[in-house]
Amino acid sequence: MTDLVAIISDNWLLLLVGQYPNGPLGGLACTLILSILGIALAFPLSVLIALARTSKWRLLSWPATALVYGARGVPLLMIILWVYFLVPALIGRNVSGFTTMVCTLVIYEAAFLAEVVRSGIQALPRGQMEAARALGHNYLGAMWSVVLPQALYNVMPSMLSQFVSTIKETTLGYVINVHELTFAASQVNNQLLTKPFHVFFILAVIYFIVCWSLTQLAEWLERRIATKRRGVSTVRPAVDAENIVSPIATDRPVPVRSIS
Amino acid sequence: MISFSKVNKWYGDYHALVDVTARVNKGEVVVVCGPSGSGKSTLIRTVNRLEEIQSGELTFDGRSVHAPMSGSELNKLRSHIGFVFQSFNLFPHMSVVENVMFSPIRVNSMGKSEARDKALSLLERVGLASKAGAYPAQLSGGQQQRVAIARALAMEPPAMLFDEPTSALDPEMVGEVLAVMRSLANDGMTMMCVTHEMGFAREVADCVWFMDAGSILEVADPQTFFKQPQHPRAQRFLSDLRTH
C-alpha cells in the first residue's frame, strides 16, 4: 500500500500529462483527448455510415458496407500499423502517431458504431417513417426528427459499450509511440523495474474510473430521457425503460422506478 | 376527389389489386369493407403512394398520384392527404401537442406560436386539450388515435383516409374514435375509411365498397348494401358477420 502511494506521489505528473511541457502532452490527458476526439468524431460519422448503409442507392450503400465489413474483418492493431507505415510512404511526409491514432480509431469505431445505429434504425417500427412521410416530410427530415431520436435512444446501451471500447483501444497507441496513459505507465515501470504489479494496478484503476464515469454519465442521460416521457412508448415493449438500463449496471441491482 | 381507374398492383406473382375502378366524390364518406386479405388496406395506401401501383391511374384532387414526379412534389401531394393508421404511429418522443405542431412547422413552415394555437384548437376538437403536454405512452389507445386524427387534420387536408382506425383498440375505446370521425363527416370532410365497424358504415357512410381478392365487387349505398347485397360474396360476408 505504501508502495502504491509512493509510486503515485513520485510519478503523478508523468501519469497525468506525460513529459509536458518539456515533451508532448501525454499520460491520462492524452488518453482523454484521444478518447473524446475518437468518440466525438466517430459518432456523427457512424450515423452517416448507417444512413448510407440503409440507403436504397447502391452508390452509398456499397462503400458503407465495404467499410463495415473491412473494419470488422481485421484487428485494429493491424490497421494502426498499416496506416502508420503506409500513409507516410504514400503522401511522402511524416504523420504523427497521435494523428494516425485519431484517424484510425475514428474510422474503425465509426464502422462498428454504424452497425449499432443501423440496428436501431431498422428495429424501429416502419409505421414511424410511414407516418412522417404521409404527413409530407421528406426522407432525411423524417429520419432526423422522427427515426433517429428514437433509434439512438433505444441503442444507447450498445453505443455506450462501443464508446467504452474506444477509450480502451486508445491503449494501442502505445505501439506507435503515442505518449498516452499506458505509455506513461510503462515508462514508470521501466524506471522502477521491480514493481510491475503496482504500476499496472494503478493503470487498471485509472482506466476503470474513466470508463465507469462514462457509464454513469450515460445512465444519468438515459434516466433523464425516460423520466421525460415516463412509461416510454407503445411502439416498444412496455418493459424496455427498465430493461434497457440493466445491461450497463452489471455490478449492482437496477433501482426500481415507478411507472405512472 | 379520389378516383381509381383500372388500378392494378402485384406483389411478385400475387395480384393484390385487380382492375379497381371507383371514385370518391367531394364531401362523400366511403367505407371500404371486406374480408381480411381482400386488398382494402393496400387500396387505401395507394392513394398517398405508400404503396406503388403497376398499372392504371389514380387521381387525387385532379392530380395523378402515381405519375412520375420529383420527391418534393410527392411530399407536397402527401401533405394534402390526411392519413390515419391502424397502429396510430404517434411520435413517442414528442408530447401530444408537439406531435400535432410538428408537421405544420416543418412541412408548411408555419410559425411556432401559430402552430401551437392551431394544435391546441384541434386537440380541443378531438376532446384532448387537457392532454396537450402528455406523451403518447401516457394515453389510452383511443386517445392516441384521436391525437393521430388531430395530427392529420393539422395539415388541413381536403380529404382524410382511415386505415382500420379502430381495429387496434379495446372495444370500449372504439366509440370515442368513431365519434370524432362522425363529427368530421358531419362537417363535410371527404373520407375514405377501411373499417370493420358496420354500425359506423350504416350510419355515416354515403357509399360502401365491398372488396374481395383485390377487386371491388359491389358499390352501393349502405341501406341497399346491408339489406339487399347483390354479390353472392357480399351476401356471405354479411351473413358471417351477423352470425356472431
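Above this text is the structure in question.
Novice: Would you mind going over the packing of aromatic side chains with me for this structure?
Specialist: The description of an aromatic ring pair rests on the distance of the ring centres and on the angle between the ring planes. On inspection of all chains with the given rule, the structure shows 10 aromatic pairs over all chains. Centroid distance A:Tyr84 to A:Phe85: 5.2 Å. Interplanar angle 70°. Geometry classified as edge-to-face. Overall, the relative accessible area of 25% leaves A:Tyr84 in the partly exposed class. Look at A:Phe85 and you get exposed, because its relative accessible area is 59%. Judged by centre distance (5.9 Å) and plane angle (80°), the rings of B:Phe4 and B:Trp209 are edge-to-face. Taken as a pair, B:Phe4 in strand 1 (residues 2–11) and B:Trp209 in strand 9 (residues 207–212) lie far apart in primary sequence, 205 residues in all. Feature note: the residues B:Phe210, B:Phe225, B:Phe226 and B:Phe237 constitute an aromatic cluster, connected by ring pairs. Sitting over the ring of B:Tyr11, B:Lys9 keeps its end group 4.7 Å from the ring centre. The ring centre of B:Phe226 lies 4.5 Å from the NZ or CZ of B:Arg202, which sits over that ring.

Novice: Help me out: how do you make sense of empty space enclosed by the protein in this one?
Specialist: Vacant regions in the atomic arrangement are exposed by a probe of water-molecule size rolled over the atoms. Following the criterion strictly, the structure yields three cavities of 30 Å³ or more and no others. Its volume calculated, the largest cavity comes out at about 90 Å³. A:Ala134, A:Leu135, B:Gly82, B:Phe83 and B:Ala152 are, among the 16 residues lining the largest cavity, the residues nearest its centre. The leading source of residues in the lining of the largest cavity is strand 6 (residues 81–84) of chain B, at four residues. Of the residues belonging to the lining of the largest cavity, the class tally is 12 nonpolar, two polar and two charged.

Novice: Got a minute to help me understand the nonpolar core in this structure?
Specialist: Within soluble globular proteins, side chains that are nonpolar tend to cluster in buried spots. Formed by 104 residues in total, the largest nonpolar core has its most connected members in A:Ile121, B:Ile2, B:Phe4, B:Met192 and B:Trp209. With 12 residues, helix 5 (residues 97–123) of chain A is the largest single contributor of residues to this core. The residues contacting B:Phe4, other than those within four sequence positions of it, are B:Val20, B:Thr21, B:Ala22, B:Leu43, B:Thr46, B:Val47, B:Glu57, B:Leu58, B:Met192 and B:Trp209.

About the cut-offs
Residues numbered from 1 in each chain as written. Chains lettered and ligands numbered in written order. Predicted model: local features only at pLDDT ≥ 70, side-chain atom pairs only at ≥ 80, totals over all residues. Heavy atoms only, no water. Phe/Tyr/Trp six-rings, centres within 6.5 Å; stacked < 30°, edge-to-face > 60°. Buried < 20%, exposed > 50% of the residue type's maximum accessible area, 1.4 Å probe, protein only. Helix = DSSP H or I, 4+ residues; strand = E, 2+ residues; numbered from the N terminus. Lys NZ or Arg CZ within 6 Å of the ring centre and 35° of its normal. 1 Å grid on protein atoms, 1.4 Å probe; cavity = no way out; pocket = protein on both sides within 12 Å on 5 of 7 lines; lining within 4 Å. Points joined across faces, edges and corners; volume = space filled by probe spheres on them. Nonpolar A, V, L, I, M, F, W, Y, C, P; charged D, E, K, R; others polar. Core = buried A, V, L, I, M, F, W, Y, C linked by side-chain atoms within 4.5 Å. Contact = heavy atoms within 4.5 Å.

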